[in-house]
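A look at the structure
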Amino acid sequence: MTDIPRFHLAMPVDDLAAARRFYGEVLGLAQGRSAETWTDWNLHGHQFVTHLSPAAPKRIHNPVDGHDVPVPHFGLILPIPQFHALADRLRAAGAEFVIEPYVRFEGRPGEQWTMFLLDPAGNALEFKAFADDSQVFAV
């Protein structure tokens with residue numbers, strides 16, 4: 001257990017087998033309970049669930065630091081070594097990035113490594129890492 005509350009997030013996917021390959025094999029998440037229409041995943045201690053759904057969510061993009069950031073999106077804040085290990089893992093798996101790994105807000109408050117990609121259902125994921133964790137909510 002941790003003092004930090006864990007989140008529960010359920011996301012729609014249009015192909016559960018493809019989602020299982022992506023989240024289980026590409027991202028390397030441990031699979032929990034599952035049924036014909038959903039699968040639980042351990043997303044670094046958080047409960048993430050992929051639910052079979054034929055309807056795709058509406059997607060927009062907002063400009064952030066010179067890039068078009070897909071909305072909605074979700075992800076994790078990782079330590080820098082884990083961020084780079086995940087980026088390497090994704091590259092090795094042939095993942096296509098919406099936004100390649102790079103340093104955002106360089107030299108400014110909230111400086112962070114970030115990368116965006118889509119899962120097989122088109123859900124946008126962002127993974128990021130801060131050199132200084134106290135800067136997560138910097139203004």
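Residues numbered from 1 in each chain as written. Predicted model: local features only at pLDDT ≥ 70, side-chain atom pairs only at ≥ 80, totals over all residues. Heavy atoms only, no water.

1. Topic: the sheet that holds strand β9 (residues 112-118)
Overall, mixed pairing links the four strands, which are arranged β7-β10-β9-β8 in an open sheet. Because the sheet does not close on itself, it has two edges, and the strands there are β7 (73-77) and β8 (97-104). Within this sheet the neighbouring strands show an average axis-to-axis angle of 15°, counted without direction. As defined by bridge partners, β8 adjoins β9 across five bridges and the pair is classed as antiparallel. Its bridge partner being in β9, Arg104 is matched across the sheet by Gln112. Running at roughly 30° to β9, helix α2 (residues 80-92) makes contact with β8, β9 and β10 (124-130) of the sheet. (Pairing = 2+ DSSP bridges. Helix = DSSP H or I, 4+ residues; strand = E, 2+ residues; numbered from the N terminus. Axes fitted to C-alpha atoms, helices over the stretch in contact; angles between N-to-C directions. Contact = heavy atoms within 4.5 Å.)

2. Concerning the sheet that holds strand β1 (residues 8-13)
Spatial strand order, β1-β4-β3-β2: four strands in an open sheet with mixed pairing. Two strands close off the open sheet at either side, each with one partner strand: β1 and β2 (30-35). Pairs of neighbouring strands in the sheet enclose a mean axial angle of 25°, with direction left out of account. The strands touched by helix α1 (residues 16-26) are β1, β2, β3 (38-43) and β4 (46-52); relative to β3, the strand with the most contacts, the crossing angle is about 10°.

3. Concerning α2
Here α2 is 13 residues long and its end C-alpha atoms lie 18 Å apart, about the 18 Å a rise of 1.5 Å per residue gives. Lining the buried residues of α2 we find α1, β8, β9 and β10. Taken from the residues just after α2, Gly94 is the one with a positive phi, measuring 80°. (Expected span 1.5 Å × (residues − 1).)

4. Considerations on the side chain of Thr39
Take Thr39: it is sitting in strand β3. Setting aside anything within four residues of it in sequence, one finds Thr39 in contact with Leu16, Arg20, Gln31, Arg33, Ser34, Phe48, Val49 and Thr50.

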